[in-house]
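# Results of the structural survey
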Amino acid sequence: MPPGAPFNSFALPYPIRVDAFSAISPSSPEPHNAVLHLLTHTHSDHIVGLQAKSFCQRVICSADAKDMLLRHEVYRERALHEGEYRAEHNLTFKHLKVDPWIGPDGEVFYHGSRDLLNVFPMDTPTKVELGRDKEVTITLFDANHCPGAVMYLIEGSEGAILHTGDFRAEPWFLESIKHNPLLQPYLALSEDETSTNNGNGIVKTLEAIYLDTACVMQNYQVPTKDDATSGLIDLLKLYPPSTYFFINSWTWGYEDTLKAIARAFNCRIHLDNYKYKVYSRFISDPLLRALGTTDPDETHFHACERFSRCRHVNVDQDGNFINDDDGDEASEDTIDVANRIFFGKPLKETKDSSQKKKLVIYINPVSSMTPESWLQYQATTKKQLANGDVVRSLLVPLSRHSPLPELQSFVSLFRPKRVIPNTLDPSLRNLDWAAIDRVFRSCCRPPDSSHTWNPQQVIPPAPVAEHLLFLELVRECKASTTPTNPG
DNA sequence: GCGATCAGAT
DNA sequence: CACATCTGATCGC
(Lines give C-alpha, C1' and ligand atoms only; values in the text may rest on other atoms or scores of the structure.)
Protein backbone atom coordinates (compact mmCIF):
# COMPACT_ATOMS: atom_id res chain seq x y z
CA MET A 1 0.00 0.00 0.00
CA PRO A 2 1.04 3.60 -0.31
CA PRO A 3 3.19 4.96 2.52
CA GLY A 4 1.19 5.45 5.67
CA ALA A 5 -0.59 2.10 5.57
CA PRO A 6 -1.15 0.62 9.02
CA PHE A 7 1.07 -2.24 10.21
CA ASN A 8 3.56 -1.68 7.40
CA SER A 9 0.94 -3.07 5.04
CA PHE A 10 0.73 -6.40 6.84
CA ALA A 11 -2.65 -8.10 6.72
CA LEU A 12 -2.52 -8.93 10.44
CA PRO A 13 -2.92 -11.31 12.13
CA TYR A 14 -1.21 -13.12 9.25
CA PRO A 15 2.41 -12.61 8.19
CA ILE A 16 1.14 -11.54 4.81
CA ARG A 17 2.01 -8.20 3.25
CA VAL A 18 -0.27 -6.56 0.70
CA ASP A 19 0.79 -4.15 -2.05
CA ALA A 20 4.12 -3.31 -0.38
CA PHE A 21 7.43 -4.80 -1.37
CA SER A 22 10.20 -2.59 -0.04
CA ALA A 23 12.25 -3.17 3.08
CA ILE A 24 10.70 -2.49 6.47
CA SER A 25 12.45 -0.13 8.86
CA PRO A 26 14.22 -2.09 11.61
CA SER A 27 12.60 0.14 14.23
CA SER A 28 9.06 -0.83 13.30
CA PRO A 29 7.07 -2.95 15.74
CA GLU A 30 5.71 -5.25 13.05
CA PRO A 31 7.40 -8.42 11.88
CA HIS A 32 10.18 -7.69 9.41
CA ASN A 33 9.78 -10.63 7.13
CA ALA A 34 6.65 -11.22 5.16
CA VAL A 35 6.01 -14.88 4.53
CA LEU A 36 3.80 -14.04 1.61
CA HIS A 37 3.16 -11.02 -0.62
CA LEU A 38 -0.16 -10.23 -2.23
CA LEU A 39 -0.69 -7.73 -5.03
CA THR A 40 -4.21 -6.31 -5.47
CA HIS A 41 -3.60 -4.36 -8.71
CA THR A 42 -0.90 -2.63 -10.68
CA HIS A 43 -1.40 1.10 -10.04
CA SER A 44 1.97 2.59 -9.25
CA ASP A 45 1.37 3.29 -5.57
CA HIS A 46 0.61 -0.39 -5.02
CA ILE A 47 3.76 -1.78 -6.54
CA VAL A 48 6.33 0.21 -4.57
CA GLY A 49 9.44 -1.86 -4.03
CA LEU A 50 8.58 -4.44 -6.65
CA GLN A 51 10.78 -2.69 -9.20
CA ALA A 52 13.90 -3.33 -7.08
CA LYS A 53 16.15 -5.82 -8.84
CA SER A 54 16.91 -7.28 -5.41
CA PHE A 55 13.29 -8.28 -4.80
CA CYS A 56 13.14 -12.07 -4.92
CA GLN A 57 10.05 -13.24 -3.04
CA ARG A 58 6.99 -14.74 -4.53
CA VAL A 59 3.93 -12.62 -5.12
CA ILE A 60 0.34 -13.73 -5.50
CA CYS A 61 -1.81 -11.83 -7.98
CA SER A 62 -4.50 -12.27 -10.62
CA ALA A 63 -3.67 -13.45 -14.12
CA ASP A 64 -4.54 -10.04 -15.56
CA ALA A 65 -2.38 -8.24 -13.00
CA LYS A 66 0.53 -10.49 -13.91
CA ASP A 67 0.15 -9.75 -17.61
CA MET A 68 -0.05 -6.03 -16.91
CA LEU A 69 3.00 -6.11 -14.65
CA LEU A 70 5.13 -7.99 -17.13
CA ARG A 71 4.24 -5.44 -19.82
CA HIS A 72 4.64 -2.46 -17.50
CA GLU A 73 6.79 0.29 -18.96
CA VAL A 74 7.06 3.83 -17.61
CA TYR A 75 6.18 6.72 -19.89
CA ARG A 76 9.78 7.79 -20.46
CA GLU A 77 10.78 4.33 -21.65
CA ARG A 78 7.72 4.06 -23.87
CA ALA A 79 8.58 7.41 -25.44
CA LEU A 80 12.20 6.40 -26.03
CA HIS A 81 11.08 3.25 -27.76
CA GLU A 82 8.37 4.96 -29.80
CA GLY A 83 10.81 7.66 -30.88
CA GLU A 84 13.20 4.92 -31.99
CA TYR A 85 15.85 6.16 -29.61
CA ARG A 86 15.90 2.70 -28.16
CA ALA A 87 15.24 -0.45 -30.10
CA GLU A 88 14.26 -2.71 -27.23
CA HIS A 89 11.64 -2.25 -24.55
CA ASN A 90 12.77 -1.48 -21.02
CA LEU A 91 10.22 -3.37 -18.98
CA THR A 92 9.98 -2.33 -15.33
CA PHE A 93 9.42 -5.80 -13.91
CA LYS A 94 11.36 -8.02 -16.27
CA HIS A 95 13.40 -9.31 -13.33
CA LEU A 96 10.31 -10.93 -11.83
CA LYS A 97 10.08 -13.47 -14.60
CA VAL A 98 13.28 -14.69 -16.19
CA ASP A 99 13.03 -17.49 -18.70
CA PRO A 100 15.69 -20.15 -18.97
CA TRP A 101 17.92 -20.15 -22.05
CA ILE A 102 17.40 -23.41 -23.78
CA GLY A 103 19.57 -24.57 -26.64
CA PRO A 104 18.31 -26.31 -29.76
CA ASP A 105 18.95 -29.66 -28.12
CA GLY A 106 16.93 -28.76 -25.06
CA GLU A 107 20.04 -28.05 -23.08
CA VAL A 108 19.56 -25.42 -20.37
CA PHE A 109 22.26 -22.76 -20.62
CA TYR A 110 20.95 -20.41 -17.98
CA HIS A 111 19.73 -21.74 -14.66
CA GLY A 112 18.81 -18.39 -13.11
CA SER A 113 15.31 -18.60 -14.48
CA ARG A 114 12.44 -17.74 -12.20
CA ASP A 115 8.84 -16.64 -12.08
CA LEU A 116 7.98 -14.82 -8.88
CA LEU A 117 4.46 -13.93 -9.98
CA ASN A 118 2.12 -16.61 -8.75
CA VAL A 119 -1.25 -16.42 -10.47
CA PHE A 120 -4.23 -17.52 -8.39
CA PRO A 121 -7.56 -18.17 -10.12
CA MET A 122 -10.52 -15.90 -9.41
CA ASP A 123 -13.32 -17.06 -7.11
CA THR A 124 -11.44 -20.22 -6.21
CA PRO A 125 -10.30 -20.93 -2.65
CA THR A 126 -6.63 -21.84 -2.93
CA LYS A 127 -4.44 -23.19 -0.15
CA VAL A 128 -1.04 -21.65 0.55
CA GLU A 129 1.65 -22.81 2.96
CA LEU A 130 2.72 -20.21 5.50
CA GLY A 131 5.76 -21.95 6.88
CA ARG A 132 5.70 -25.13 8.94
CA ASP A 133 2.26 -26.53 9.76
CA LYS A 134 0.65 -23.25 8.85
CA GLU A 135 -1.56 -22.68 5.89
CA VAL A 136 -4.20 -20.24 4.77
CA THR A 137 -6.85 -20.37 2.10
CA ILE A 138 -6.85 -17.38 -0.20
CA THR A 139 -9.66 -16.41 -2.55
CA LEU A 140 -9.56 -13.64 -5.15
CA PHE A 141 -12.63 -11.57 -6.05
CA ASP A 142 -12.97 -8.89 -8.70
CA ALA A 143 -12.64 -5.47 -7.05
CA ASN A 144 -14.35 -3.26 -9.67
CA HIS A 145 -11.40 -0.86 -9.68
CA CYS A 146 -9.30 -1.49 -12.77
CA PRO A 147 -8.39 -4.48 -14.95
CA GLY A 148 -6.82 -7.22 -12.89
CA ALA A 149 -7.77 -5.61 -9.56
CA VAL A 150 -8.86 -8.07 -6.88
CA MET A 151 -9.94 -8.32 -3.25
CA TYR A 152 -8.48 -11.06 -1.07
CA LEU A 153 -10.32 -13.28 1.39
CA ILE A 154 -7.76 -14.88 3.72
CA GLU A 155 -8.99 -17.75 5.88
CA GLY A 156 -6.90 -19.61 8.44
CA SER A 157 -6.52 -20.58 12.05
CA GLU A 158 -6.38 -16.92 13.11
CA GLY A 159 -9.76 -16.22 11.57
CA ALA A 160 -10.89 -14.74 8.28
CA ILE A 161 -10.02 -11.30 6.95
CA LEU A 162 -11.09 -9.54 3.79
CA HIS A 163 -8.67 -7.14 2.12
CA THR A 164 -10.45 -4.98 -0.44
CA GLY A 165 -7.40 -3.45 -2.08
CA ASP A 166 -8.80 -0.50 -4.02
CA PHE A 167 -12.41 -1.05 -4.96
CA ARG A 168 -15.71 0.56 -5.93
CA ALA A 169 -18.58 -0.91 -3.95
CA GLU A 170 -21.44 0.49 -6.02
CA PRO A 171 -24.91 -1.11 -5.76
CA TRP A 172 -24.43 -3.84 -8.40
CA PHE A 173 -21.16 -4.76 -6.73
CA LEU A 174 -22.87 -5.20 -3.37
CA GLU A 175 -25.43 -7.44 -5.06
CA SER A 176 -22.72 -9.59 -6.57
CA ILE A 177 -21.06 -9.88 -3.15
CA LYS A 178 -24.35 -10.94 -1.58
CA HIS A 179 -24.79 -13.62 -4.19
CA ASN A 180 -21.26 -14.94 -4.12
CA PRO A 181 -21.38 -18.35 -2.41
CA LEU A 182 -17.80 -18.00 -1.22
CA LEU A 183 -18.62 -14.83 0.72
CA GLN A 184 -22.13 -15.73 1.88
CA PRO A 185 -20.89 -17.48 5.05
CA TYR A 186 -19.53 -14.12 6.22
CA LEU A 187 -22.63 -12.02 5.54
CA ALA A 188 -24.19 -10.55 8.66
CA LEU A 189 -27.63 -11.65 9.69
CA SER A 190 -30.11 -8.85 9.39
CA GLU A 191 -31.31 -8.67 12.98
CA ASP A 192 -30.35 -11.28 15.52
CA GLU A 193 -26.61 -11.26 15.86
CA THR A 194 -26.42 -13.07 19.14
CA SER A 195 -27.02 -16.41 17.50
CA THR A 196 -24.05 -16.02 15.20
CA ASN A 197 -21.00 -18.16 15.34
CA ASN A 198 -22.09 -20.98 17.59
CA GLY A 199 -19.30 -23.00 16.11
CA ASN A 200 -21.23 -25.04 13.59
CA GLY A 201 -19.61 -23.18 10.71
CA ILE A 202 -22.84 -21.98 9.14
CA VAL A 203 -22.48 -18.36 10.11
CA LYS A 204 -18.97 -16.94 10.14
CA THR A 205 -17.57 -13.56 11.10
CA LEU A 206 -14.74 -11.62 9.53
CA GLU A 207 -12.04 -10.69 12.02
CA ALA A 208 -11.35 -7.58 9.97
CA ILE A 209 -11.98 -5.82 6.71
CA TYR A 210 -8.96 -4.00 5.37
CA LEU A 211 -10.82 -1.24 3.59
CA ASP A 212 -10.04 1.08 0.68
CA THR A 213 -10.29 4.40 2.50
CA ALA A 214 -8.91 6.58 -0.31
CA CYS A 215 -12.21 8.49 -0.50
CA VAL A 216 -13.53 7.90 3.01
CA MET A 217 -13.75 11.67 3.54
CA GLN A 218 -16.22 11.98 0.66
CA ASN A 219 -19.35 11.91 2.76
CA TYR A 220 -21.81 11.89 -0.14
CA GLN A 221 -23.05 9.60 -2.87
CA VAL A 222 -21.43 9.64 -6.27
CA PRO A 223 -23.00 8.43 -9.54
CA THR A 224 -22.61 4.78 -10.46
CA LYS A 225 -20.11 4.13 -13.21
CA ASP A 226 -22.99 3.02 -15.43
CA ASP A 227 -24.86 6.30 -14.83
CA ALA A 228 -21.73 8.28 -15.53
CA THR A 229 -20.98 6.34 -18.70
CA SER A 230 -24.48 6.38 -20.15
CA GLY A 231 -24.83 10.08 -19.38
CA LEU A 232 -21.55 10.75 -21.13
CA ILE A 233 -22.63 8.78 -24.19
CA ASP A 234 -25.87 10.79 -24.37
CA LEU A 235 -23.75 13.95 -24.50
CA LEU A 236 -21.36 12.54 -27.10
CA LYS A 237 -24.30 11.77 -29.37
CA LEU A 238 -25.20 15.46 -29.48
CA TYR A 239 -22.00 16.38 -31.31
CA PRO A 240 -21.80 16.32 -35.10
CA PRO A 241 -20.39 13.09 -36.53
CA SER A 242 -17.23 14.90 -37.66
CA THR A 243 -16.23 15.56 -34.03
CA TYR A 244 -13.12 13.94 -32.59
CA PHE A 245 -12.96 12.86 -28.98
CA PHE A 246 -9.99 12.42 -26.68
CA ILE A 247 -10.76 10.27 -23.66
CA ASN A 248 -8.26 11.14 -20.96
CA SER A 249 -7.84 7.62 -19.61
CA TRP A 250 -4.67 8.62 -17.82
CA THR A 251 -4.54 5.52 -15.67
CA TRP A 252 -6.04 2.01 -15.68
CA GLY A 253 -9.65 1.97 -14.55
CA TYR A 254 -11.67 3.70 -17.26
CA GLU A 255 -12.04 0.62 -19.43
CA ASP A 256 -15.76 0.17 -18.78
CA THR A 257 -16.32 3.60 -20.31
CA LEU A 258 -14.13 2.80 -23.32
CA LYS A 259 -16.09 -0.39 -23.85
CA ALA A 260 -19.42 1.42 -23.60
CA ILE A 261 -18.30 4.05 -26.11
CA ALA A 262 -17.04 1.42 -28.53
CA ARG A 263 -20.39 -0.35 -28.34
CA ALA A 264 -22.57 2.76 -28.50
CA PHE A 265 -20.81 4.07 -31.61
CA ASN A 266 -19.90 0.66 -32.95
CA CYS A 267 -16.34 1.75 -33.54
CA ARG A 268 -12.87 1.04 -32.32
CA ILE A 269 -10.86 3.38 -30.11
CA HIS A 270 -7.41 4.58 -31.06
CA LEU A 271 -4.86 3.46 -28.47
CA ASP A 272 -1.12 3.96 -28.18
CA ASN A 273 0.92 0.83 -28.73
CA TYR A 274 1.37 0.28 -25.00
CA LYS A 275 -2.33 0.34 -24.09
CA TYR A 276 -3.13 -1.66 -27.20
CA LYS A 277 -0.68 -4.35 -26.19
CA VAL A 278 -2.02 -4.54 -22.63
CA TYR A 279 -5.69 -4.54 -23.61
CA SER A 280 -5.26 -7.10 -26.34
CA ARG A 281 -3.98 -9.54 -23.71
CA PHE A 282 -7.16 -9.68 -21.65
CA ILE A 283 -8.30 -13.19 -22.33
CA SER A 284 -11.18 -12.80 -19.88
CA ASP A 285 -12.56 -9.72 -21.66
CA PRO A 286 -13.19 -10.13 -25.39
CA LEU A 287 -14.67 -6.64 -25.76
CA LEU A 288 -11.68 -4.92 -24.17
CA ARG A 289 -9.39 -7.09 -26.26
CA ALA A 290 -11.15 -6.06 -29.45
CA LEU A 291 -11.94 -2.39 -28.93
CA GLY A 292 -8.52 -0.95 -29.67
CA THR A 293 -6.84 0.05 -32.88
CA THR A 294 -3.38 1.49 -33.41
CA ASP A 295 -4.51 3.20 -36.62
CA PRO A 296 -5.31 6.83 -35.71
CA ASP A 297 -7.25 7.32 -38.96
CA GLU A 298 -9.71 4.54 -38.27
CA THR A 299 -11.82 6.28 -35.63
CA HIS A 300 -12.89 9.58 -34.10
CA PHE A 301 -12.49 8.23 -30.56
CA HIS A 302 -8.98 8.45 -29.13
CA ALA A 303 -7.47 7.21 -25.90
CA CYS A 304 -3.88 7.43 -27.05
CA GLU A 305 -0.86 8.50 -24.99
CA ARG A 306 -1.91 11.71 -23.26
CA PHE A 307 1.48 13.41 -23.42
CA SER A 308 1.97 12.61 -27.09
CA ARG A 309 -1.48 12.55 -28.57
CA CYS A 310 -1.88 11.61 -32.19
CA ARG A 311 -2.39 14.36 -34.77
CA HIS A 312 -6.19 14.03 -34.77
CA VAL A 313 -6.59 15.09 -31.16
CA ASN A 314 -3.48 17.14 -30.47
CA VAL A 315 -5.15 20.51 -29.93
CA ASP A 316 -4.82 23.15 -27.24
CA GLN A 317 -7.67 24.58 -25.19
CA ASP A 318 -8.74 26.88 -28.01
CA GLY A 319 -8.91 24.04 -30.48
CA ASN A 320 -5.71 24.98 -32.33
CA PHE A 321 -3.50 22.16 -33.45
CA ILE A 322 -0.22 21.83 -31.59
CA ASN A 323 3.06 20.78 -33.17
CA ASP A 324 1.46 20.08 -36.50
CA ASP A 325 4.60 20.44 -38.64
CA ASP A 326 4.31 16.85 -39.72
CA GLY A 327 0.54 16.79 -39.74
CA ASP A 328 -1.44 17.20 -42.91
CA GLU A 329 -3.81 19.72 -41.31
CA ALA A 330 -1.17 22.45 -41.33
CA SER A 331 0.00 21.90 -44.87
CA GLU A 332 -3.56 21.85 -46.19
CA ASP A 333 -4.23 24.98 -44.24
CA THR A 334 -1.17 26.69 -45.72
CA ILE A 335 -2.08 25.72 -49.28
CA ASP A 336 -5.62 26.91 -48.72
CA VAL A 337 -4.50 30.26 -47.39
CA ALA A 338 -1.98 30.66 -50.21
CA ASN A 339 -4.66 29.89 -52.79
CA ARG A 340 -6.95 32.48 -51.31
CA ILE A 341 -4.33 35.24 -51.00
CA PHE A 342 -2.36 34.76 -54.20
CA PHE A 343 -4.88 33.29 -56.56
CA GLY A 344 -8.10 34.68 -55.15
CA LYS A 345 -9.57 31.23 -54.91
CA PRO A 346 -12.40 30.82 -52.45
CA LEU A 347 -11.95 28.62 -49.40
CA LYS A 348 -12.65 25.05 -50.30
CA GLU A 349 -16.04 24.08 -49.02
CA THR A 350 -15.15 20.43 -49.16
CA LYS A 351 -14.69 18.01 -46.34
CA ASP A 352 -11.18 19.41 -46.05
CA SER A 353 -12.35 22.68 -44.56
CA SER A 354 -14.66 20.90 -42.17
CA GLN A 355 -11.65 18.78 -41.23
CA LYS A 356 -9.65 21.90 -40.49
CA LYS A 357 -12.33 23.26 -38.23
CA LYS A 358 -12.91 19.88 -36.73
CA LEU A 359 -13.82 19.88 -33.09
CA VAL A 360 -11.74 17.95 -30.64
CA ILE A 361 -13.55 17.26 -27.40
CA TYR A 362 -11.62 16.34 -24.26
CA ILE A 363 -13.31 13.93 -21.91
CA ASN A 364 -11.96 14.13 -18.39
CA PRO A 365 -12.90 11.81 -15.55
CA VAL A 366 -13.57 13.49 -12.20
CA SER A 367 -14.39 11.96 -8.85
CA SER A 368 -16.19 14.58 -6.83
CA MET A 369 -19.65 15.05 -8.26
CA THR A 370 -22.90 14.04 -6.63
CA PRO A 371 -25.62 12.32 -8.69
CA GLU A 372 -27.58 15.57 -8.51
CA SER A 373 -24.76 17.75 -9.78
CA TRP A 374 -24.13 15.19 -12.54
CA LEU A 375 -27.73 15.52 -13.69
CA GLN A 376 -27.42 19.29 -13.54
CA TYR A 377 -24.15 19.19 -15.46
CA GLN A 378 -25.74 17.08 -18.19
CA ALA A 379 -28.73 19.42 -18.46
CA THR A 380 -26.53 22.50 -18.61
CA THR A 381 -24.24 20.96 -21.21
CA LYS A 382 -27.18 19.85 -23.36
CA LYS A 383 -28.54 23.38 -23.24
CA GLN A 384 -25.18 24.81 -24.27
CA LEU A 385 -24.91 22.38 -27.16
CA ALA A 386 -28.45 23.17 -28.28
CA ASN A 387 -27.49 26.86 -28.23
CA GLY A 388 -24.65 26.11 -30.58
CA ASP A 389 -22.04 26.87 -27.90
CA VAL A 390 -18.73 25.13 -28.35
CA VAL A 391 -18.21 22.81 -25.40
CA ARG A 392 -14.63 21.63 -25.81
CA SER A 393 -14.26 19.62 -22.66
CA LEU A 394 -16.61 17.26 -20.93
CA LEU A 395 -16.41 15.99 -17.38
CA VAL A 396 -17.57 12.52 -16.45
CA PRO A 397 -17.89 11.46 -12.80
CA LEU A 398 -16.06 8.14 -12.87
CA SER A 399 -15.05 7.30 -9.33
CA ARG A 400 -12.78 4.32 -8.97
CA HIS A 401 -12.99 4.42 -5.17
CA SER A 402 -16.06 4.24 -2.97
CA PRO A 403 -17.13 7.34 -1.04
CA LEU A 404 -18.11 6.96 2.61
CA PRO A 405 -21.78 5.94 2.09
CA GLU A 406 -20.78 3.07 -0.21
CA LEU A 407 -18.06 1.98 2.21
CA GLN A 408 -20.55 1.91 5.06
CA SER A 409 -22.99 -0.18 3.01
CA PHE A 410 -20.23 -2.59 2.12
CA VAL A 411 -18.98 -3.01 5.67
CA SER A 412 -22.54 -3.38 6.96
CA LEU A 413 -23.02 -6.38 4.69
CA PHE A 414 -20.51 -8.28 6.81
CA ARG A 415 -20.49 -6.52 10.16
CA PRO A 416 -16.89 -7.56 10.73
CA LYS A 417 -15.21 -7.26 14.10
CA ARG A 418 -13.22 -4.28 12.93
CA VAL A 419 -12.31 -2.10 9.99
CA ILE A 420 -8.71 -1.26 9.23
CA PRO A 421 -7.97 1.52 6.75
CA ASN A 422 -5.73 0.61 3.83
CA THR A 423 -4.30 4.10 3.73
CA LEU A 424 -3.66 6.79 6.31
CA ASP A 425 -2.26 10.27 6.09
CA PRO A 426 0.93 10.21 8.19
CA SER A 427 0.62 13.91 8.95
CA LEU A 428 -2.64 13.25 10.81
CA ARG A 429 -0.79 10.97 13.23
CA ASN A 430 -3.52 8.33 13.38
CA LEU A 431 -6.29 10.81 13.95
CA ASP A 432 -7.80 9.73 10.67
CA TRP A 433 -7.70 6.19 12.00
CA ALA A 434 -9.60 7.29 15.08
CA ALA A 435 -12.13 9.04 12.85
CA ILE A 436 -12.49 6.01 10.57
CA ASP A 437 -12.90 3.79 13.59
CA ARG A 438 -15.78 5.92 14.76
CA VAL A 439 -17.37 6.25 11.33
CA PHE A 440 -17.58 2.46 10.91
CA ARG A 441 -18.37 1.49 14.49
CA SER A 442 -22.07 1.13 13.76
CA CYS A 443 -21.27 -1.10 10.75
CA CYS A 444 -19.19 -3.47 12.86
CA ARG A 445 -19.95 -6.01 15.54
CA PRO A 446 -19.95 -4.61 19.06
CA PRO A 447 -16.72 -5.48 20.84
CA ASP A 448 -16.91 -8.60 23.00
CA SER A 449 -14.76 -11.43 24.23
CA SER A 450 -14.65 -13.00 20.79
CA HIS A 451 -12.28 -10.21 19.72
CA THR A 452 -9.28 -12.42 20.14
CA TRP A 453 -7.01 -10.20 18.13
CA ASN A 454 -6.85 -6.56 19.02
CA PRO A 455 -4.80 -4.43 16.68
CA GLN A 456 -5.79 -1.30 18.57
CA GLN A 457 -3.00 -2.14 20.96
CA VAL A 458 -0.57 -1.61 18.15
CA ILE A 459 -1.90 1.82 17.27
CA PRO A 460 0.24 4.54 18.81
CA PRO A 461 -1.80 6.77 21.06
CA ALA A 462 -3.32 9.76 19.34
CA PRO A 463 -1.79 13.13 20.13
CA VAL A 464 -3.08 15.31 22.94
CA ALA A 465 -6.50 16.89 22.70
CA GLU A 466 -7.62 14.13 20.40
CA HIS A 467 -11.25 15.12 20.52
CA LEU A 468 -10.51 18.68 19.43
CA LEU A 469 -8.43 17.57 16.49
CA PHE A 470 -11.01 14.98 15.67
CA LEU A 471 -13.66 17.68 15.43
CA GLU A 472 -11.37 19.59 13.15
CA LEU A 473 -11.03 16.52 10.96
CA VAL A 474 -14.78 16.12 10.77
CA ARG A 475 -15.10 19.77 9.81
CA GLU A 476 -12.59 19.21 7.07
CA CYS A 477 -14.58 16.20 5.99
CA LYS A 478 -17.73 18.29 5.83
CA ALA A 479 -15.94 20.99 3.87
CA SER A 480 -14.96 18.40 1.29
CA THR A 481 -18.60 17.43 0.79
CA THR A 482 -19.26 20.58 -1.21
CA PRO A 483 -20.36 19.20 -4.56
CA THR A 484 -18.48 20.10 -7.68
CA ASN A 485 -19.99 23.06 -9.42
CA PRO A 486 -21.01 22.04 -12.90
CA GLY A 487 -19.28 23.94 -15.63
C1' DG B 1 26.68 4.35 -10.15
C1' DC B 2 22.67 2.26 -8.46
C1' DG B 3 18.76 2.17 -5.60
C1' DA B 4 15.67 3.93 -2.15
C1' DT B 5 12.99 7.76 -0.67
C1' DC B 6 10.75 12.14 -0.82
C1' DA B 7 8.91 16.55 -2.60
C1' DG B 8 6.66 18.75 -6.17
C1' DA B 9 4.00 19.36 -10.32
C1' DT B 10 0.59 17.87 -13.43
C1' DC C 1 -9.96 17.47 -13.17
C1' DA C 2 -6.92 13.90 -11.11
C1' DC C 3 -5.08 10.55 -4.92
C1' DA C 4 -1.97 8.13 -9.77
C1' DT C 5 2.26 9.18 -12.23
C1' DC C 6 6.53 11.06 -13.42
C1' DT C 7 10.65 13.77 -12.47
C1' DG C 8 14.41 15.44 -10.09
C1' DA C 9 16.95 16.03 -5.85
C1' DT C 10 19.04 13.91 -2.05
C1' DC C 11 21.17 10.43 0.58
C1' DG C 12 23.43 6.07 1.58
C1' DC C 13 25.92 2.13 0.20
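Calculation rules
- Residues numbered from 1 in each chain as written.
- Chains lettered and ligands numbered in written order.
- Predicted model: local features only at pLDDT ≥ 70, side-chain atom pairs only at ≥ 80, totals over all residues.
- Heavy atoms only, no water.
- UniProt positions renumbered as here; feature names shortened; annotations may be inferred.
- Helix = DSSP H or I, 4+ residues; strand = E, 2+ residues; numbered from the N terminus.
- Buried < 20%, exposed > 50% of the residue type's maximum accessible area, 1.4 Å probe, protein only.
- Contact = heavy atoms within 4.5 Å.
- Areas by Shrake-Rupley, 256 points an atom, 1.4 Å probe, with all protein chains shown as cover.
- Salt bridge = Lys/Arg side-chain N within 4 Å of Asp/Glu carboxyl O.
- pLDDT = per-residue confidence, 0-100.
- Pairing = 2+ DSSP bridges.
- Axes fitted to C-alpha atoms, helices over the stretch in contact; angles between N-to-C directions.
- Phe/Tyr/Trp six-rings, centres within 6.5 Å; stacked < 30°, edge-to-face > 60°.
- Core = buried A, V, L, I, M, F, W, Y, C linked by side-chain atoms within 4.5 Å.
- Domains from an automatic or database assignment.

Chain A appears in an unreviewed UniProt entry as Protein artemis from Gymnopus androsaceus JB14. In its Sequence similarities (unreviewed entry) section, the UniProt entry covering chain A states "Belongs to the DNA repair metallo-beta-lactamase (DRMBL) family." Looking at the Subcellular location (unreviewed entry) heading of the UniProt record, one finds this comment for chain A: "Nucleus".

### A short note on the overall build of chain A
The number of helices and strands found in chain A is 13 helices and 20 strands. Burial analysis of chain A (487 residues in total) assigns 48% to the buried set. Across chain A, contacts joining residues at least 24 apart in sequence account for 68% of those joining residues at least 6 apart. Accessible area for chain A stands at about 24,000 Å²; split by element, carbon and sulfur atoms hold 53% of it.

### Overview of helix 5 (residues 255-264)
For helix 5, the set of buried residues is Glu255, Thr257, Leu258, Lys259, Ile261 and Ala262. At its buried positions, helix 5 is contacted by helix 4 (225-236), strand 14 (244-247), strand 15 (269-271), helix 6 (273-279), helix 7 (286-290) and strand 17 (301-303). Just past helix 5, the residue asparagine 266 takes up positive phi, approximately 45°.

### Considering the pattern of salt bridges
The full count for this structure, using the stated rule, is 13 salt bridges. A salt bridge links lysine 127 to glutamate 135; the shortest N-O distance between them is 3.9 Å. Shared partners join several salt bridges into a network, and the residues in it are Glu207, Lys417 and Arg418.

### Quick notes on the confidence of the model for chain A
The share of residues in chain A with pLDDT of 70 or more is 78%, and the mean pLDDT across the chain is 81. Contacts from residues 324-355, a stretch scored under 50 in pLDDT, to residues over four places away or in other chains number 18 contacts. Low pLDDT, under 50, characterises residues 480-487; the predicted model gives this stretch 13 contacts beyond four residues in sequence or across chains.

### Considering the sheet that holds strand 9 (residues 126-129)
Read from one edge to the other, the open sheet built from six strands follows the order 9-10-11-12-13-20, with strand pairing classed as mixed. Edge positions in the sheet fall to strand 9 and strand 20 (419-421), since each has one partner strand and no second. Across the sheet, the mean angle separating the axes of adjacent strands is 25° when strand polarity is ignored. Note: strand 12 (residues 159-163) against strand 13 (residues 206-211), four bridges, orientation parallel. Paired with histidine 163 across the strands is tyrosine 210, a residue of strand 13.

### Observations regarding the environment of lysine 382
Take lysine 382: it is sitting in helix 10 (residues 371-386). On the basis of relative accessibility, which here comes to 34%, the residue lysine 382 falls in the partly exposed class. When the C-alpha atoms of lysine 382 and leucine 235 are compared, they prove to be 6.9 Å apart, with 147 residues separating the residues in sequence. Ignoring anything within four residues of it in the chain, the contact list for lysine 382 reads Asp234, Leu235 and Leu238.

### A few points about the sheet that holds strand 3 (residues 59-61)
Ordered by their spatial adjacency, four strands build an open sheet running 1-2-3-8, and the pairing between neighbours is parallel. For this open sheet the edge positions go to strand 1 (16-18) and strand 8 (117-119), each flanked by a neighbour on one side alone. Recorded for the sheet is a direction-independent mean angle of 30° between the axes of neighbouring strands. Pairing between strand 3 and strand 8: three bridges, direction parallel. Residue pairing for strand 8: cysteine 61 is matched across the bridge by valine 119. The strands touched by helix 1 (residues 63-70) are strand 3 and strand 8; relative to strand 8, the strand with the most contacts, the crossing angle is about 150°.

### Regarding the packing of aromatic side chains
One pass over the full model with this rule turns up twelve aromatic pairs. Arranged with centres 4.7 Å apart and planes meeting at 75°, the rings of phenylalanine 167 and phenylalanine 410 form a pair that is edge-to-face. Taken together, the residues span a long stretch of sequence, with phenylalanine 167 in the loop between strand 12 and helix 3 (171-178) and phenylalanine 410 in helix 11 (residues 404-414) at a distance of 243 residues. Phenylalanine 410 sits in the buried class, given a relative accessible area of 0%. Ring centres of phenylalanine 245 and phenylalanine 301 lie 5.0 Å apart, and the angle between their planes is 10°; on these two criteria the pair is classed as stacked. Taken together, the residues phenylalanine 245 in strand 14 and phenylalanine 301 in strand 17 connect sequence positions 56 residues apart. Each of the two residues, phenylalanine 245 as well as phenylalanine 301, counts as buried.

### Concerning helix 1
Structurally, the α-helix is built with 3.6 residues per turn, so residues lying three or four positions apart point the same way. Helix 1 sits mainly inside the fold: seven of its eight residues count as buried. Listed as buried for helix 1 are Asp64, Ala65, Lys66, Asp67, Met68, Leu69 and Leu70. Tucked inside the fold, the buried residues of helix 1 contact strand 3, strand 4 (97-98), strand 7 (114-115), strand 8 and helix 6.

### Let's talk about the nonpolar core
Considering soluble globular proteins, one finds that nonpolar side chains tend to be buried as a cluster. Counting residues in each nonpolar core, the largest one holds 108 residues, and the members touching the most others are Ile138, Ile154, Phe410, Phe414 and Phe440. Ranked by residues supplied to this core, first place goes to helix 11 with six residues. Looking at which domains feed residues into this core, each of domain 1 (6-218 + 402-475) and domain 2 (225-320 + 357-396) gives three or more. In contact with isoleucine 138, not counting residues within four places along its chain, are Leu36, Leu38, Ile60, Phe120, Thr124, Pro125, Thr126, Val128, Tyr152, Leu153 and Ile154. Grouped together as the second largest cluster of nonpolar side chains are nine residues, Tyr244, Cys304, Val360 and Tyr362 included.

### Re the environment of leucine 91
By the secondary structure assignment, leucine 91 is in the loop between helix 2 (75-82) and strand 4. Leucine 91 gets classed as partly exposed once you look at its relative accessible area, which sits at 25%. Note: C-alpha distance between leucine 91 and phenylalanine 410 (319 residues apart in sequence) is 37 Å. Contact partners of leucine 91, with chain neighbours within four places excluded, come to Leu70, Arg71, His72 and Glu73.

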